[in-house]
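Architecture and fold: a report
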Amino acid sequence: ECLPRLSENCQALPVSSIWQLKVKASVQLSTSIPACAKLGVDFYFDTISPYTWPAFEVLTRYQKRWELDIHYKPVFLGALALAAGNKNMASNPACPNKAAYHLKDLETRTANFFNIPFKMKADPFRLIFTVGSIQQQRFTTAVLQRHPQYMENLLRNFWVRSWSEDKDVHTAGDITAVALLAGMGVEEIEDCLAAMKTETVKTALKEVTEEAVERGAFGAPTMFWHENGENEQMFWGSDRFEMVAQIYGKHWEGPNPSK
């Protein structure tokens, strides 16, 4: 066994809070499996993408098990899809069968399989096609530049607030609430809220988005796996981790190895 069994009593807590306690316990108890070469992954993501959430959780669950270096690469998914010529996202509202499939797949099978507290938004198309993600991705970029130690908690809380609690995540107040739950201090949050308005952060987000397209990305999540910079493999989506394990000689214990 790579991880001890967990036994906890979390009565009278919200589902999302209980789930985050389990995430912290899993990370603390995680053990490593020796690797022949250091495995790294460039993780191109946008928190607007619900399918990126389970990929993120699998990465964090296997970070110690695989001695994995995770390089967070925030992108603006709308611009990435446009630059790559990907019209897939825009086709969802125009194809009722496709939209219905995605909605059912996320809330039932994906949520259960990856053990995340996903709950479909009342109006997911408002977030994806009207509100967008530019503000939260700029803030995430600022945090990555200035306070990177908060990245894992910050991203998780963006997804929980948006795709579990069905709350907005794009205003300064929304972002502040997410950042506070991620453990950031008030001064650190104010620092990043100011930084996200600068050309430095705006340009950085734009350049990483362009970089992703140049490397072959067309959506999110996109991951480029490599061993010390060699043997690079690109994977899109959240359902290829078993294949990643086979390619790089890692032990795959399923999407929720602490279960």
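A brief structural summary. Starting from 1, residues in each chain are numbered consecutively following that chain's sequence as written. Where totals are concerned, whole chains, interfaces and linings use all residues; where local detail is concerned, this predicted model gives features only for residues with pLDDT of at least 70, and gives and counts side-chain atom pairs only at 80 or more. Note that water and hydrogens are dropped before the side-chain values are worked out from all heavy atoms of the structure.

**What about the sheet that holds strand β3 (residues 222–227)?**
- Here, a strand pair is defined by DSSP locating no fewer than two bridges between the strands. Runs of E in the DSSP output that reach at least two residues are strands. Runs of H or I that reach at least four are helices, and both are numbered from the N terminus. On the basis of which strands lie adjacent, the open sheet formed by 4 strands has the order β2-β1-β3-β4 and mixed pairing. Here the strands that pair on one side only, and so sit at the sheet edges, are β2 (68–74) and β4 (230–236). Strand-to-strand twist across the sheet, computed as the mean angle between neighbouring axes with direction ignored, equals 15°.
- As defined by bridge partners, strand β1 (residues 39–45) adjoins β2 across 7 bridges and the pair is classed as parallel. What sits directly across from Leu39, in β2, is Leu68.
- Seen against the sheet, helix α7 (residues 134–146) touches β1 and β2 and runs at an angle of roughly 135° to β2.
- Contacts between residues were defined by any pair of non-hydrogen atoms, one from each residue, lying within 4.5 Å. Orientation is described by lines fitted to C-alpha atoms, with helices fitted over the stretch in contact, and by angles between N-to-C directions that extend from 0 to 180 degrees. Against the sheet, helix α11 (residues 199–215) engages β1, β2, β3 and β4, with an angle of about 115° to β1.

**So, the packing of helix α2 (residues 52–61) against helix α8 (residues 151–163)**
- At a closest axis distance of 11 Å, the pairing of α2 and α8 adopts a crossing angle of 145°. Classified by chirality, the crossing of α8 by α2 is left-handed. Residue-level inspection shows Thr52, Trp53, Phe56, Glu57 and Thr60 of α2 in contact with α8, the latter providing Glu152, Leu155, Arg156, Trp159, Val160 and Trp163.
- The classification used treats Ala, Val, Leu, Ile, Met, Phe, Trp, Tyr, Cys and Pro as nonpolar, Asp, Glu, Lys and Arg as charged, and all other residues, Gly among them, as polar. Partitioned by chemical class, the residues of the contact of α2 with α8 number 6 nonpolar, 2 polar and 3 charged. Crossing handedness is read from the near helix: turned anticlockwise from the far helix by less than a right angle, it gives a left-handed crossing, and turned clockwise, a right-handed one.

**Focus on the pattern of salt bridges**
- For this document, the term salt bridge refers to a Lys or Arg side-chain nitrogen within 4 Å of an Asp or Glu carboxyl oxygen. This structure, assessed with the given rule, holds 13 salt bridges.
- For the salt bridge of Arg109 with Asp105, the shortest nitrogen-to-oxygen distance reads 3.1 Å. With a gap of 4 residues between them, Arg109 and Asp105 both fall in helix α5 (residues 96–114), about one helical turn apart.
- Partly exposed residues are those whose accessible area sits between 20% and 50% of the maximum for their type, while under 20% is buried and over 50% is exposed, using a 1.4 Å probe and protein chains only. Residue Arg109 is classed as partly exposed on the basis of its relative accessible area of 44%.
- In this structure, the salt-bridge partner of Arg161 is Asp174, at a minimum N-O distance of 3.1 Å. Placement of Arg161 in helix α8 and of Asp174 in helix α9 (residues 172–181) is noted, with a sequence separation of 13 residues between them. Like Asp174, Arg161 is buried.
- Here the salt bridges share partners, and the residues they tie into one network are Asp42, Arg215 and Glu232.

**Digging into the nonpolar core**
- What makes a nonpolar core is a set of buried Ala, Val, Leu, Ile, Met, Phe, Trp, Tyr and Cys residues whose side-chain atoms join them at distances within 4.5 Å. Counting 54 residues, the largest nonpolar core has Phe43, Leu59, Phe139, Leu154, Met184 and Trp225 as the members making the most contacts within it.
- If you tally residues by element for this core, the top one is α8, at 7 residues.
- Among all residues touching Met184, those that are not within four sequence positions of it are Phe139, Val143, His147, Tyr150, Leu154, Ala179, Ile189 and Cys192.
- Within the second largest apolar cluster, 7 residues are counted, among which are Tyr44, Val75, Val208 and Ala212.

**Some words on the packing of aromatic side chains**
- Under the pairing criterion, centres of Phe, Tyr and Trp rings, with the six-membered ring standing for Trp, must be within 6.5 Å; the plane angle then separates stacked pairs below 30 degrees from edge-to-face pairs above 60, leaving the rest tilted. Evaluation of the coordinates by the stated rule reveals 15 aromatic pairs.
- With a centroid separation of 5.5 Å and 20° between ring planes, the pair formed by Phe43 and Phe45 is classed as stacked. Each member of the pair, Phe43 together with Phe45, is buried.
- Aromatic side chains Trp66 and Trp252 sit 6.3 Å apart centroid to centroid with 50° between the ring planes, which places their arrangement in the tilted category. In this pair, Trp66 sits in the loop between α2 and β2 while Trp252 sits in the segment after α12 (241–248), placing the two residues 186 residues apart along the sequence.
- Given the relative accessible area of 1%, Trp66 is considered buried.
- In this structure Trp252 comes out as partly exposed when scored by relative accessible area, which is 22%.
- Our definition puts a charge over a ring when NZ of Lys or CZ of Arg is within 6 Å of the ring centre and also within 35 degrees of the ring normal. Looking at Arg65, its charged tip hangs above the ring of Tyr62, at a distance of 6.0 Å from the centre.

**Topic: the pairing of β4**
- In this structure, β3 lies alongside β4, joined through 5 bridges in antiparallel fashion. Bridging from a neighbouring strand, Thr222 pairs with Trp236 of β4.
- Between β3 and β4, which follow one another and run antiparallel, lie 2 residues, and Asn228 among them has a positive phi close to 50°.

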